[in-house]
Amino acid sequence: MTEIVGSLLRVLSLIRKELLAILKDPKSRASVIVPPILQCLIFGYAASYDLNHVPFAVIDQDRSFASHQLIAHFDGSPVFTQVATLSDPRKLAAMINSRQVLLALDIQDGFARQLAMGQTASVQIIADGRDSNTAEVATSYAAAIINGFNAQWRQDHGLPASQPLVVTRAWFNPNLQTRWSMIPGLIGTITLIQTMMLAAMSVAREREQGTFDQLLVTPIRPVEIMIGKAIPAMLVGIFQATNILLVAQLWFRIPFAGSFAILYMGLILFVLAAVGLGIFLSSIAMTMQQAMLYGMVVIMPATLLSGLSTPISNMPQSLQLVTYANPLRYAIQIAQRVYLEGVGVSELLPYLWPMAVIAMVTLSIATWMFRHRVA
Amino acid sequence: MTTAPAVIRANAVTKRLRQRHAPPVLALDQISLSIPQGVLAALVGPDGAGKTTLLRLLAGLLPPDEGELFVLGIDVAHDPQRVQDAVAYMPQRFGLYEDLTVKENLDLYADLHGVTAAARGQRYPSLLEMTALAPFLGRLAGQLSGGMKQKLGLACALIQSPQLLLLDEPTAGVDPLSRHELWQIITKLSTEGTSALIATSYLDEAERCQQAIVLRDGKVLAQSPPRNIADRARNLVVLHEPMRDETARDLQARLLDTDDVIDAVPQGGRVRTICRTSQPSALAPSFEDGFMTLLAGAPRARVSRTPSPPVTRRDEVSVEVRDLVRRFGDFVAVDHLSFSVKRGEVYGLLGPNGAGKSTTFRMLCGLLPATSGTLLVAGEDLRRTPASARRNIGYMAQRFSLYPQLSVLENLAFFAGIYGLKAHLRRDRIQWALEEFELAPVRTQQSGMLPGGLKQRLAMAVALLHEPPLLFLDEPTSGADPLARRDFWRRITVLAQGGVTTVITTHFMEEAEYCDRLAILDAGRLLAEGTPAQIRDANIQKEGSTMEDAFIAIVEHARAKAQGP
Amino acid sequence: MIGLSASIRRTRALIRKESLQIRRDPSSIIIGIVLPTMLILLFGYGLSLDVRRVPVALDLEAPSPLVTSLISGFRLSPYFEPVAVTDMQAAEQLMARRAVDGIVRVRDNYPRQNAFGLGKVQLIVHGVDANRARIIEAYAGAVLGAWAAQRQAEGYPAEIGPVIIQDRLWFNAANDSHYFLVPGLIVLVMTLIGAFLTTMVVAREWERGTLEALFVTPVRVAEILLGKTVPYFAMGLVGLGLCVLAARVMFQVPFRGSLLLLGVSSILYLLIALGIGLLISSAVRSQFVASQLTLVITFLPAMMLSGFLFDIRSMPKAVQLLTYLLPARYFVALLQTLFLAGNIWSVVVPDLAVLAAMVIGLAALSWVITRKSLA
């Protein structure tokens, strides 16, 4: 009994010391709070595949009422900004080449005539494919505008009521805003980078400063060191995740569909896995420099293969297998699905247990290493 | 000598060092000095006296705030590059490139100094012979021992036959043998006409110089030949014989507590004492005596005389090492080592760099598994017994190893918690530590920002916080100034009187005099063991020889034997 | 003249020293070789924004020849991989598990409504990955549009239009996201080697105190700077070569500009990265802090704000203004243009000019700031 109390006291002392080391200095306190929120804001605004103010050029070879009407539809959209009207299609090349416009709307001679005859008229959309994703998205916006024009035209000309072929409904994100999927994903990504680095540094710093030996000659046991190192890093991680969650809700006003209890359950397991990875790296690194480099070697593929910026299903089979060992993959799924879809625990199980496994494996290896790698 | 032009001339030089989150420190205060050409000068003084700052100013690495500074007749502040072209400078931590080999380091500095291939052909052999580094040309600098690193640093600095040598504690943390060798090099250069200014915390080194400059608090206390400084203790130095059943250490402590004693140190089983008043039949004073007299006004630590645990039987064995072996790959760091330490004993482990002292320490503390052999600390093997057994030991590592970003109080509170001290005991012990080690005024300061002496005190306070019956101290006084070392040893004396067992390593051979028994190690083997007197008497014949002479004799003898048939 | 040859000898000695250290230091190998190789492989194989073979559930309530022909487009399209389901409930379950990314639903009244020109196909997309959802929507519209056009050509009454789109993607007709990811990759690799590695090695010299001894030799500031720059510059060029080779051979990205221009712009960018690295490390003399700072100042913006992943024009004005300060922005524009469009002088000249100005500015700044002084 006294042994348990003693053990608890030692762990508490270590936790207190760790938190003190992180939070005492105003600079390091700020470094725990400010960068995650800043990153969340910048990425929330910048990391978006949604487009607006896309500069486009018009080549109106028809110069008819109908063509003006079509162009007016484009001008009325917040997505597009007309920056040039060209009379000569040959001038277009220069504009696209020099990135003045991303997209061009080419209305050929006879457009109005064809429409008046009840025929189908075609317009050409030319996009700068240097960034194929942006071009793709811009083209789909253009298609939506032309659909709108069609509907208007039919109505104005007494044709059968507008009848789009497709009626689209998007689940969970009705306006298909990238930000809605990006920011819940950032909860995991930013928290991973910060907590893993924090945990990786914590033991490496002690080794480098020689304090680890000092700690090892005290009655504290490796398991206690590990718990005492893991809990503060986890607390910081949960705190940061909460900050990002607050930014998502209060600043970006993304509606939260799920239950906070379930989200936090997932997050706790996730930060445990992240801290486990960090402490594992820490246990194999001898210096802070090494810990940081190992951290980068892990964080880079972890973030690139997380499914946040590009879908996992696009990856080759072998890399998809690798992603199963990536806690961030699960964290992003959990955050997005709880946040946007409001799923329950049963749906999350397939994401929860792999993180528990990752945490268990990394933490056990780290504990073993603490004792056996002290040379 | 007065006619020789000055290689260094300082005229009312003042330097303030800016600090983060603190007002600037006055590192040098209106310093004026002059060192003639061809002179070997020592720069001595307590921690924080401004030695390093002065050398950096001379090397043109920092500009003076006020005053004039001429090196080799050049105004340093005005044209630092011309000074840097002509002097050799060796900073405290010489910047060897650890992932370059010995040869590559030498080549780099030869190229930087524009030493031609032909000149190298002449210079290298003599440098390598002087430093005995020839066999290690292809070895990475990072894999050299501490002493060899210092020698390589010196060789790199000497590559261009400089007109002036500026050395900042070239022998700190270096074992007596390497120190001896380094000084042979320096002396040889000096006889060849090189001028040099050498900062050092070894006072016997200052004695070898023609000039000694004593700095304190950024001011020059004295600049004169060492002889003249020694003379300040003329007629004041006597030897006291301890009473029966009293160690020299205990007598020293007793003497230091009397008002008419300036300083006392154990020496050859007796106590060399500097009195405040003239003594009949006084000894010839040494530089150290003079130095201590010069600094006599310095405040001395109060050491509480109330030891905690009472003394019990002295023959109880505290530490038992039998046939201890530790291998790293093919390298045998500790080679069948056996010794035992009795309760309340102060046991010294001495040996050159790389002798296996630290490895033995790490095994004793349970930080490193032994390859084979028996290790018992308070009757237990710390690697096998429950972690709670480690409550019996206090450990002070070679370099400061407490949390630098935490304050003094936070460090103490953390370790009190880790050692499981309960509420009131914890408060009492922290209070004790703050008072005993005079840390109360700096309790809220970041411990990493403390000056070296205070750091050492804090580390010792932490090691003693849980009142361990056993202390392991690995080079606790390395780099400490003579005053701080006196205070340190007084505390050890008190602890030993209280029955605390101490195992300690040191490179200061005069500190061996404080130990009850010593072991001298080299290459992982035990070369000699016994009381300081036994070791000294068994190995040297000449009267007036020091512990250091005995040590060098023992190690060299063993090495010669190992190399022989 | 003697001064010059001595200076050359000293510089050469410093360069040789640095090269030896690069070869022996594991951290430079990790940053210079392991991380770039990992990035190349991940970008080449792991990351893809292309929408191909999207699993969709087909819920056909009443199969008929008309519906079969309607849906045939989905079966034939390379973009979709339809899964037939029996009812909407099954489809929604698949979607909830994310086994499919969308549901195409044709109600049982479709043939009758179609006869009145009111036929509608319902498309439900999973909005959590908004970007993917939008592209799926556009593809579905295109598939059905093609079907309608076909029907119209076969003489059925016009059900579409009146305006239809013909889109063309310039520079990237294959619509392959590697085309724009690979230039981004080059930016990241150069940033890693140029800024990150340089920061680490210079800060290491401060930290280990090697500069103090170096300063008190005849060596000049310019020689120290040059000795640091040249080896890492060479390493950066090797990294560039690797990336270009990977782009051409592994990912078959076309290269339409001139190699000379690619070389010039890469050299300028590399010099900027080196300059930033040198400045950061002499301002912050600890390896750990310096490398963290470099990561935040150079690497993250190069990834998120340079326009290679996310379109700068769609970012908020404040963020857009920020991107003008980033050298990566200009380098990305240059690379995308040189790879995919060719020597478009209207892009190349101004962007090169900005980069050159940055080089000069940084060189001047390093010259002024770096002093042989410990103060």
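Residues numbered from 1 in each chain as written. Chains lettered and ligands numbered in written order. Predicted model: local features only at pLDDT ≥ 70, side-chain atom pairs only at ≥ 80, totals over all residues. Heavy atoms only, no water.

> Sorry, what's going on with the domain arrangement of chain B here?
Many analyses report the size of an interface as the accessible area lost when the parts associate. All names here are of chain B. Parsing chain B into structural domains produces domain 1 (6-224), domain 2 (230-294) and domain 3 (317-563). The gap between the C-alpha centroids of domain 1 and domain 2 is 33 Å. Listed by partner, the interface residues are nine residues for domain 1 and six residues for domain 2. Taken together, both faces of the contact between domain 1 and domain 2 bury some 650 Å²; the carbon and sulfur share is 82%. (Domains from an automatic or database assignment. Contact = heavy atoms within 4.5 Å. Buried area = accessible area lost by both parts, 1.4 Å probe.)

> Quick question: what am I supposed to make of the interface of chain C and chain B here?
Contact with chain C, which involves 28 residues of that partner, is made by 27 residues of chain B. For the pair chain C and chain B, the summed buried area comes to about 2,600 Å², and 58% of that belongs to carbon and sulfur atoms. Broken down residue by residue, the surface that chain C buries against chain B is led by R24, E212 and V216 of chain C, which jointly contribute 23%. Seen at the junction of chain C and chain B, the total is four salt bridges. R56 of chain B serves as the salt-bridge partner of E212 of chain C, at 2.9 Å between the closest nitrogen and oxygen. Across the chain C-chain B interface, the total number found is nine residue pairs in polar contact (both at pLDDT 80 or more). Among the secondary structure elements, those contributing two or more residues to the side of chain C that touches chain B are α1 (2-24), α7 (178-208) and α8 (210-215) of chain C. Ranked by the residues each element gives to the side of chain C that touches chain B, the list is headed by α1 of chain C, at nine residues. Class assignment of the residues belonging to the side of chain C that touches chain B gives a composition of eleven nonpolar, five polar and twelve charged. (Salt bridge = Lys/Arg side-chain N within 4 Å of Asp/Glu carboxyl O. Polar contact = N/O pair within 3.5 Å; in protein donor to acceptor, adjacent residues only side chain to side chain. Helix = DSSP H or I, 4+ residues; strand = E, 2+ residues; numbered from the N terminus. Nonpolar A, V, L, I, M, F, W, Y, C, P; charged D, E, K, R; others polar.)

> Would you explain empty space enclosed by the protein in this entry?
The gaps left among the atoms become clear once a water-sized probe is rolled over them. Residue and element names in this part refer to chain C. In the structure shown here, the tally under the stated rule is six cavities of 30 Å³ or more. Sorting the residues of the lining of the largest cavity by element identifies α7, α8, α9 (221-250) and α10 (259-283) as the ones contributing at least two each. Looking at side-chain class alone, the lining of the largest cavity contains seven nonpolar, three polar and one charged residues. (1 Å grid on protein atoms, 1.4 Å probe; cavity = no way out; pocket = protein on both sides within 12 Å on 5 of 7 lines; lining within 4 Å. Points joined across faces, edges and corners; volume = space filled by probe spheres on them.)

> Is there a simple way to think about the sheet that holds strand β10 (residues 219-224) of chain B in this case?
Note: strands within a sheet are paired through backbone hydrogen bonds, in either parallel or antiparallel orientation. All names here are of chain B. One open sheet accounts for six strands, arranged β6-β7-β8-β3-β9-β10; its pairing is mixed. This sheet does not close on itself; its edge strands, each paired only once, are β6 (87-90) and β10. Across the sheet, the mean angle from the axis of one strand to that of its neighbour is 15 degrees, orientation sign disregarded. The pairing of strand β7 (residues 164-168) with strand β8 (residues 195-199) spans five bridges and is parallel. Considered in β8, the bridge of L167 is made with I198. Where helix α5 (residues 146-157) meets the sheet, its contacts fall on β6 and β7, and the angle it forms with β6 comes to roughly 160 degrees. (Pairing = 2+ DSSP bridges. Axes fitted to C-alpha atoms, helices over the stretch in contact; angles between N-to-C directions.)

> Just checking my understanding: could you explain the sheet that holds strand β12 (residues 261-267) of chain B for this structure?
Residues and elements named next belong to chain B. Judged by pairing direction, the sheet is antiparallel, and its three strands sit side by side in the order β11-β13-β12 without closing on themselves. Of all strands in the sheet, those bounded by a partner on one side alone are β11 (237-240) and β12. Neighbour to neighbour, the strand axes of the sheet diverge by 25 degrees on average, direction disregarded. Examined bridge by bridge, β11 and strand β13 (residues 270-275) share four bridges and lie antiparallel to one another. Note that in β13 the partner of L239 across the bridge is R272. Against the sheet, helix α9 (residues 248-256) touches β11, β12 and β13, its axis set at about 180 degrees to β12.

> How do you make sense of the interface of chain C and chain A when you look at a structure like this?
Facing 96 residues of chain C, the contacting portion of chain A comprises 92 residues. Counting the surface lost from both chain C and chain A, the interface buries some 8,600 Å², and carbon and sulfur atoms represent 64% of this. There are zero salt bridges connecting chain C and chain A. Counting across the chain C and chain A interface gives one residue pair in polar contact (both at pLDDT 80 or more). It is helix α6 (residues 130-153) of chain C that provides the largest number of residues to the side of chain C that touches chain A, a total of 14 residues. Partitioned by chemical class, the residues of the side of chain C that touches chain A number 57 nonpolar, 25 polar and 14 charged.

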